[in-house]
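Coordinate analysis (summary)
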Amino acid sequence: MRGTSRPLGPYAVLWRLAVTAAVVTTVCLGTWVGDDDWWPFAPMSQYAFSVRNDGVINSLTMDALTVDGEVVRVPLSKEMIGIERAEIEGQAPRIIAHPELLQDIAVLHARRLPHQPAYVVIYLRNTSTQIGTGATTIYTLATWQVRAPLQPKPSGLPGGAQ
């Protein structure tokens, strides 16, 4: 049995056009002027690039010197310290301009992983890997000496740990 179809009424067409226009407009604005806070309409530029065969791939990481004197990788994940690596990547320019924001990483670490050695110094680093040769260069972009490492207090900056 075949279904019957009938043309849409004027209000149904107008409603569909309005929704389509709103979605297209927010996607375009998110791409042109938006940032990560505009999700799910944020810029998709993080996915929209290719790297030449002789290009360079950059990757942000975070390391910390602990009270035990060991340099460790900061476990950037929601499950570990409560902040994802993508969040750090999105905030990298702000962190570089205000390294004291790294104080909040020490606070999150102390709260979520109290059984692990406290952080004394935190480093935001960029690892550049040359595709053709595999050569790797690590640049330190920001460094922060944690205040009161055993009981760190939040930086007090907007967007930091509370």
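Right above here is the structure, for reference.
This is a predicted model, so every value here is computed, not measured.

The rules behind each value
Residues numbered from 1 in each chain as written. Predicted model: local features only at pLDDT ≥ 70, side-chain atom pairs only at ≥ 80, totals over all residues. Heavy atoms only, no water. Salt bridge = Lys/Arg side-chain N within 4 Å of Asp/Glu carboxyl O. Helix = DSSP H or I, 4+ residues; strand = E, 2+ residues; numbered from the N terminus. Buried < 20%, exposed > 50% of the residue type's maximum accessible area, 1.4 Å probe, protein only. Pairing = 2+ DSSP bridges. Axes fitted to C-alpha atoms, helices over the stretch in contact; angles between N-to-C directions. Contact = heavy atoms within 4.5 Å. Core = buried A, V, L, I, M, F, W, Y, C linked by side-chain atoms within 4.5 Å. Patch = residues over 30% accessible without salt bridge, like charges linked within 9 Å, V, L, I, M, F, W, Y side chains within 5 Å. Areas by Shrake-Rupley, 256 points an atom, 1.4 Å probe, with all protein chains shown as cover.

Thoughts on the pattern of salt bridges
Inspection of every chain in the model, using the stated rule, returns three salt bridges. Among the ionic pairs, Arg-125 bridges to Asp-63, the shortest N-O distance being 2.8 Å. Linking Arg-125 in strand β3 (residues 119-130) with Asp-63 in strand β1 (residues 56-66), this pair joins segments that are 62 residues apart in sequence. The residue Arg-85 makes a salt bridge to Glu-89 at a minimum N-O spacing of 3.1 Å. Of this pair, Arg-85 and Glu-89 are both found in helix α2 (residues 85-97), four residues apart, which corresponds to roughly one turn of the helix. For Arg-85, a relative accessible area of 35% puts it in the partly exposed group. Each of Asp-63, Arg-73 and Arg-125 takes part in a single network of salt bridges with overlapping partners.

So, the sheet that holds strand β2 (residues 71-73)
On the basis of which strands lie adjacent, the open sheet formed by four strands has the order β2-β1-β3-β4 and antiparallel pairing. Each end of this open sheet is capped by a strand with a single partner; those strands are β2 and β4 (136-145). Recorded for the sheet is a direction-independent mean angle of 30° between the axes of neighbouring strands. Examined bridge by bridge, β1 and β3 share eleven bridges and lie antiparallel to one another. Residue pairing across strands places Ser-59 opposite Thr-127, the latter belonging to β3. In the packing of α2 onto the sheet, contacts are made with β1, β3 and β4, and the angle to β1 comes to roughly 85°. Those strands touched by helix α3 (residues 102-112) are β1, β3 and β4, and its axis lies near 110° from that of β3.

Description of the nonpolar core
Core analysis: the biggest nonpolar cluster contains 22 residues, and Met-62, Ile-105 and Ile-122 have the highest contact counts within it. For this core, the secondary-structure elements that each account for two or more residues are β1, α2, α3, β3 and β4. For this core, the element with the highest residue contribution is α3, accounting for four residues. Ignoring any residue separated from it by four or fewer positions in sequence, one finds Met-62 in contact with Val-72, Arg-73, Val-74, Leu-76, Ile-88, Leu-102, Ile-105, Ile-122, Tyr-123 and Leu-124.

Observations concerning a nonpolar patch on the surface
Taken together, the side chains of Trp-15, Val-19, Val-23 and Val-27 make up a nonpolar region of the molecular surface, amounting to roughly 370 Å² of accessible area. Tracing the chain through its elements places Val-23 in helix α1 (residues 10-32).

Focus: the side chain of Thr-66
Checked against the element boundaries, Thr-66 lands in strand β1. Those residues within four positions of Thr-66 in sequence are excluded, and the remaining contacts are Val-72, Pro-117, Ala-118, Tyr-119 and Val-120.

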